[in-house]
Amino acid sequence: MANWAENVNAPLEGFLEKFGRKQDVKVSLLAFRAKDKIKALMVIPALHPGPFKNVGSSPLPYMIQAALESKLQCVVSVPHGLSGHELDLSSQNQNQKIIEGVLNAINLSSFDSKATPFVRNQRNEASASCQKFGDCALLTLSLAPKTMEDLPQELDRIIVDEAERKGLSSAIVIDAHNSIEGRFNLNKVVENLRKAAIGSLEETLDWDWHQYPFEVGVAKVFPKEFGIKEGMGPGGISVIVVMVGDQKAAYVTIDGNNMISKLRERILSAIQEIGVVEGEILTTDTHVVNGIVPTARGYYPIGEAMDQAKLIDYIKQATVCAIKDMEPAEVSWRTKTVSDVKVI
């Protein structure tokens, strides 16, 4: 009641700390550098940003973003890793452990200047993209326009193990979390996602002899019309455009909890009009928007309570800015384990 009425989270978090259990949490980073300065950073924590409002790790994507942007003066995006509510952190103290772990992991020394083009593989309703940066594969998983919800950590392990068996040093897997409408049958979709991911990985490795220098451009926008009641978290929208050869691909990350079905396709179509031929639309799965509005879900996915045309226009403007910002870049990656983090 203290939380619902007055936004006081300490009493509830006290119970969650008492009944939580300790877990090692994996955090993956992909950093882009230009002119010896970090230009953009993707952080993918294998935890869940829940359960709701200001409790536990609900605000953690934005907290990570704010901490790193303040330190590095760059654009940071925090898309959703493969995890569910069993990996909600129990309190703000646990959030600080993750932030400190991420800050300790950004001392990157080894960078690579080559990448492969963005490829996509489709298996029934499952879609997986893959792009190889140096010796690391970046994969995104989506079921759009079908409903997708949290994906299991076991799927992440399977994909990463397969990448390492194929000779890569690392793989980073993102749950795009970008379509919701109707029921979600996890058991039915996991195998198709696995096949799509491995298919995209194999297609990428076919390009292995054709890695190219690449360019990166970034931009960020905070739509003033959209707040947490409309489903937009304080992290706003970040755009990272990667150009390999003559192919431009965009990673658009929106600070929200999932996205209304078919909006992802509208956004991809809109940025294709300005020369971005590939990419993926991602959400952070932030739960700061949950428990705010009296709806059946308890929150609005991106696009449900927003003027979609305005949202798309914001993304197009940011993508144009990112294209103008493009310059030769290098990439580095790291996976760090933060030990003894208490989860619900």
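Residues numbered from 1 in each chain as written. Predicted model: local features only at pLDDT ≥ 70, side-chain atom pairs only at ≥ 80, totals over all residues. Heavy atoms only, no water.

**Overview of the environment of Gly 167**
For Gly 167, the position within the fold is in the loop between helix 5 (153-165) and strand 8 (170-175). With a relative accessible area of 55%, Gly 167 lands in the exposed category. Separated by 31 residues in the primary sequence, Gly 167 and Cys 136 place their C-alpha atoms 9.9 Å from one another. (Helix = DSSP H or I, 4+ residues; strand = E, 2+ residues; numbered from the N terminus. Buried < 20%, exposed > 50% of the residue type's maximum accessible area, 1.4 Å probe, protein only.)

**Some thoughts on a nonpolar patch on the surface**
A cluster of nonpolar side chains, Leu 12, Phe 15 and Phe 19, forms an exposed patch at the surface whose accessible area comes to about 340 Å². Relative to the elements of secondary structure, Leu 12 occurs in helix 2 (residues 10-19). (Patch = residues over 30% accessible without salt bridge, like charges linked within 9 Å, V, L, I, M, F, W, Y side chains within 5 Å. Areas by Shrake-Rupley, 256 points an atom, 1.4 Å probe, with all protein chains shown as cover. Salt bridge = Lys/Arg side-chain N within 4 Å of Asp/Glu carboxyl O.)

**Remarks on helix 3 (residues 60-72)**
Its 13 residues give helix 3 an end-to-end C-alpha distance of 18 Å, which sits within 8% of 18 Å, the value for a rise of 1.5 Å per residue. All buried positions along helix 3 are accounted for by Leu 60, Pro 61, Met 63, Ile 64, Gln 65, Leu 68, Glu 69 and Leu 72. Where helix 3 ends, the next residue or the one after it, Gln 73, has phi of about 55°, a positive value. (Expected span 1.5 Å × (residues − 1).)

**A few points about the nonpolar core**
Within the largest apolar cluster, 29 residues are counted, with the highest numbers of intra-cluster contacts made by Ile 237, Ile 254 and Leu 311. Per element, the largest residue contribution to this core is 6 residues, and it comes from helix 8 (residues 308-324). Setting aside residues no more than four positions away along its own chain, Ile 237 makes contact with Ala 219, Lys 220, Val 221, Pro 223, Met 232, Val 252, Thr 253, Ile 254, Leu 311 and Ile 315. Among the nonpolar cores identified, the runner-up in size contains 28 residues, and Ile 38, Val 43, Leu 60 and Leu 72 belong to it. (Core = buried A, V, L, I, M, F, W, Y, C linked by side-chain atoms within 4.5 Å. Contact = heavy atoms within 4.5 Å.)

**Section: the pattern of salt bridges**
Taken as a whole and assessed by the stated rule, the structure comprises 19 salt bridges. For the salt bridge of Arg 120 with Glu 280, the shortest nitrogen-to-oxygen distance reads 3.0 Å. Placement of Arg 120 in strand 5 (residues 119-123) and of Glu 280 in strand 12 (residues 278-283) is noted, with a sequence separation of 160 residues between them. Residue classification places Arg 120 among the partly exposed positions, given a relative accessible area of 23%.

**Section: the state of the cysteines**
Counted under the stated rule, the structure contains 0 disulfides. Cysteine Cys 130 shares no disulfide, and the gap to the nearest cysteine sulfur, in Cys 136, comes to 9.0 Å. Here Cys 130 falls in the buried class, since its relative accessible area comes to 0%. (Disulfide = S-S within 2.5 Å.)

**Here we look at the packing of aromatic side chains**
In total, this model carries 6 aromatic pairs according to the counting rule given. Each ring, one from Trp 4 and one from Phe 52, has its centre 5.1 Å from the other, and the planes form 10°; the classification is stacked. In this pair, Trp 4 sits in helix 1 (residues 2-6) while Phe 52 sits in the loop between strand 2 (37-45) and helix 3, placing the two residues 48 residues apart along the sequence. Using a relative accessible area of 49% as the deciding quantity, one classes Trp 4 as partly exposed. Ring geometry for Phe 32 versus Phe 133: centroids 5.3 Å apart, planes at 80°, classification edge-to-face. With Phe 32 in strand 1 (residues 21-34) and Phe 133 in strand 6 (residues 126-133), this residue pair connects regions lying 101 residues apart in the sequence. (Phe/Tyr/Trp six-rings, centres within 6.5 Å; stacked < 30°, edge-to-face > 60°.)

**A look at the packing of helix 3 against helix 4 (residues 92-105)**
One way to put it is that helix 3 packs onto helix 4 with a least axis distance of 10 Å and a crossing angle of 40°. On the basis of the axis angle, helix 3 is oblique to helix 4. Regarding helix 3 and helix 4, the two cross each other, and that crossing is right-handed. Listed contacts from helix 4 to Leu 60, Met 63, Ile 64, Ala 67, Leu 68 and Lys 71 of helix 3 are Gln 92, Asn 95, Gln 96, Ile 98, Ile 99, Val 102 and Leu 103. Residues of the contact of helix 3 with helix 4, tallied by class, amount to 9 nonpolar, 3 polar and 1 charged. (Axes fitted to C-alpha atoms, helices over the stretch in contact; angles between N-to-C directions. Parallel < 35°, antiparallel > 145°, perpendicular 65-115°, else oblique. Left-handed = near helix turned anticlockwise from the far one by under 90°. Nonpolar A, V, L, I, M, F, W, Y, C, P; charged D, E, K, R; others polar.)

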